[in-house]
Amino acid sequence: TIGIDCVAMCVNDIICCGAKPLFFLDYIACGKNVPERIESIVKGVCDGCVQSGAALIGGETAEMPGFYPVDEYDLAGYCTGVVDKSKIIDNKTMQTGDVVIALPSSGVHSNGFSLVRKVFDVEHTDLHKPLEALDGASLGETLLTPTKIYVKPMLALLEQVAVKGISHITGGGFYENIPRSLKKGCCARIKKEDVRIPALFHLMQETGHISEHDMFNTFNMGVGMVLTVPAAQADKALESLHANGEPEAYKLGVIAEGDGVELC
């Protein structure tokens with residue numbers, strides 16, 4: 001699944017400006033080249049490329065004993081996309097009353113794992129044990145759920161609706177990512193009770209005694225992507241998303257006067 005994560009982090013960023021991913025390159029560095037492991041990683045990259053419609057056109061595998069421990073590896077990716085200059089996402093027309101829509105995440109995605117490992121003490125925890133708090137799923141299985149790729153539903157949406165802003169919710173959570181897509185003088189006003197937070201994040205907050213602000217400033221909290229559309233096109237946007245692989249997309253908030261994010 002790590003290969004899918006690597007692709008997702010690139011292509012989900014590219015779609016934020018309205019671009020279609022074209023091709024992808026990967027780089028794997030390791031202490032020992034174990035063919036089965038490298039094959040598994042690259043298969044994940046291929047799966048991510050299929051999901052996003054990008055072509056895997058090349059890559060590099062570097063074996064560096066003495067620099068990396070035998071069982072460790074480093075995976076990096078790069079993606080190029082294309083968008084007509086006239087179709088680049090532009091927030092200049094963003095205004096009070098526009099609707100903020102959420103696309104649910106599949107889990108923690110690829111960010112915040114340093115805190116995750118600390119909270120759950122993963123080195124000394126049974127990651128295979130089914131947990132009632134996770135509806136019988138194990139902690140390991142839940143944490144390793146691949147990052148969702150939003151490219152295809154978003155490309156379909158961009159053909160039908162005047163999207164004014166898109167934010168990929170990665171490290172920094174709501175507070176650091178949503179403002180990137182907002183026009184100066186605009187804020188995203190979101191009611192906390194309207195955020196559909198998966199059980200994993202509640203478990204993490206309780207186990208680690210993490211403040212609500214820190215949770216929303218570190219994790220996606222169940223929202224992998226946020227977009228802003230005109231109020232008159234909000235229902236049409238949801239219909240498009242529901243028909244193209246995002247059946248759980250929902251209205252998250254509205255655009256109001258101010259700056260950044262208001263969680264009320």
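Residues numbered from 1 in each chain as written. Predicted model: local features only at pLDDT ≥ 70, side-chain atom pairs only at ≥ 80, totals over all residues. Heavy atoms only, no water.

**Q** Explain the packing of aromatic side chains residue by residue, including any values.
**A** Any aromatic ring pair is given by two values, namely how distant the centres are and how the planes are angled relative to each other. As enumerated under the stated definition, the model contains three aromatic pairs in all. Each ring, one from phenylalanine 67 and one from tyrosine 68, has its centre 5.1 Å from the other, and the planes form 75 degrees; the classification is edge-to-face. Of the residues examined, phenylalanine 67 reaches a relative accessible area of 62% and is grouped as exposed. Overall, tyrosine 68 belongs to the buried group, its relative accessible area being 17%. The ring of tyrosine 250 has arginine 196 lying over it, and the distance from NZ or CZ to the ring centre is 3.9 Å. (Phe/Tyr/Trp six-rings, centres within 6.5 Å; stacked < 30°, edge-to-face > 60°. Buried < 20%, exposed > 50% of the residue type's maximum accessible area, 1.4 Å probe, protein only. Lys NZ or Arg CZ within 6 Å of the ring centre and 35° of its normal.)

**Q** Can you break down the nonpolar core residue by residue, with the values?
**A** Side chains of a nonpolar character, in soluble globular proteins, are inclined to be buried together. Within the largest apolar cluster, 36 residues are counted, with the highest numbers of intra-cluster contacts made by Phe120, Phe174, Ile178, Ile190, Met204 and Leu252. Ile89, Val99, Leu241 and Ala249 belong to the second largest nonpolar core, which has 20 residues in total. (Core = buried A, V, L, I, M, F, W, Y, C linked by side-chain atoms within 4.5 Å.)

**Q** Report on the pattern of salt bridges, specifying residues and quantitative values.
**A** Scanning the entire structure with this criterion turns up seven salt bridges. In this structure, aspartate 98 and lysine 164 form a salt bridge, with 3.0 Å as the shortest nitrogen-oxygen distance. In this pair, aspartate 98 is assigned in the loop between strand 3 (73-82) and strand 4 (99-104) and lysine 164 in the loop between helix 5 (151-158) and strand 5 (165-168), connecting sequence segments 66 residues apart. The buried category is assigned to aspartate 98, whose relative accessible area is 2%. (Salt bridge = Lys/Arg side-chain N within 4 Å of Asp/Glu carboxyl O. Helix = DSSP H or I, 4+ residues; strand = E, 2+ residues; numbered from the N terminus.)

**Q** How would you sum up the sheet that holds strand 2 (residues 55-63)? Please name residues and give values.
**A** Read from one edge of the open sheet, three strands run 2-1-3, paired in mixed fashion. Strands with a single pairing partner mark the edges of an open sheet, and in this sheet they are strand 2 and strand 3. With direction set aside, neighbouring strand axes in the sheet form an average angle of 15 degrees. As paired elements, strand 1 (residues 20-30) and strand 3 share 10 bridges and run antiparallel to each other. Residue pairing for strand 3: phenylalanine 23 is matched across the bridge by threonine 80. In the packing of helix 1 (residues 2-14) onto the sheet, contacts are made with strand 1 and strand 3, and the angle to strand 3 comes to roughly 30 degrees. (Pairing = 2+ DSSP bridges. Axes fitted to C-alpha atoms, helices over the stretch in contact; angles between N-to-C directions. Contact = heavy atoms within 4.5 Å.)

**Q** Can you lay out the environment of glycine 31 for me, pointing to particular residues and giving the numbers?
**A** Within the secondary structure, glycine 31 is located in the loop between strand 1 and helix 2 (35-52). Residue classification places glycine 31 among the buried residues on the basis of a relative accessible area of 5%. Sequence-wise, glycine 31 and glycine 245 are 214 residues apart; in three dimensions their C-alpha atoms are separated by 39 Å. Residues contacting glycine 31, with those up to four places away along its chain left out, are Glu63, Met64, Pro65, Tyr68, Pro69, Val70 and Glu72.

**Q** An account of the packing of helix 5 against helix 9 (residues 234-243) is requested, with residue identities and associated values reported.
**A** The angle between the axes and the distance between the axes are what describe a pair of packed helices. Between helix 5 and helix 9, the least distance of the axes is 9 Å, while the angle of their chain directions is 140 degrees. Viewed along their axes, helix 5 and helix 9 adopt a mutual orientation that is oblique. Remark: the crossing between helix 5 and helix 9 carries right-handed chirality. For the pair helix 5 and helix 9, the contacting residues are Pro153, Met154, Ala156 and Leu157 in the first and Ala237, Ser240 and Leu241 in the second. Of the residues that constitute the contact of helix 5 with helix 9, the class distribution is six nonpolar, one polar and no charged. (Parallel < 35°, antiparallel > 145°, perpendicular 65-115°, else oblique. Left-handed = near helix turned anticlockwise from the far one by under 90°. Nonpolar A, V, L, I, M, F, W, Y, C, P; charged D, E, K, R; others polar.)

**Q** So what about the environment of alanine 156? Which residues, and what values?
**A** Positionally, alanine 156 belongs in helix 5. Linking alanine 156 and asparagine 177, residues 21 residues apart in sequence, is a C-alpha distance of 23 Å. Not counting residues within four places of it along the chain, the set of residues in contact with alanine 156 comprises Ser240 and Asn244.

**Q** Break down unusual backbone geometry for me, with residues and values.
**A** A positive phi angle is found at histidine 109, which is not glycine, with a value near 65 degrees. Relative to the elements of secondary structure, histidine 109 occurs in the loop between strand 4 and helix 3 (113-120). Look at histidine 109 and you get buried, because its relative accessible area is 2%.

**Q** Explain the environment of leucine 115 to me, using residue names and the numbers behind them.
**A** Inspection of the secondary structure puts leucine 115 in helix 3. Once the C-alpha coordinates of leucine 115 and glycine 208 are considered, the two residues, 93 residues apart in sequence, prove to be 8.9 Å apart. In this structure leucine 115 touches Ile210, Thr218 and Phe219, once residues within four positions along its chain are discounted.

**Q** Go over helix 7 (residues 199-208) with me, naming the residues and quoting the values.
**A** Of the positions making up helix 7, those classed as buried are Leu200, Phe201, Leu203 and Met204. Buried residues of helix 7 fall within an arc of 160 degrees about the axis and therefore sit on the same side. Along its buried surface, helix 7 packs onto helix 3, helix 4 (139-143) and helix 8 (212-216). Just beyond helix 7, the residue with positive phi is histidine 209, at close to 50 degrees. (Arc of directions from axis to C-beta.)

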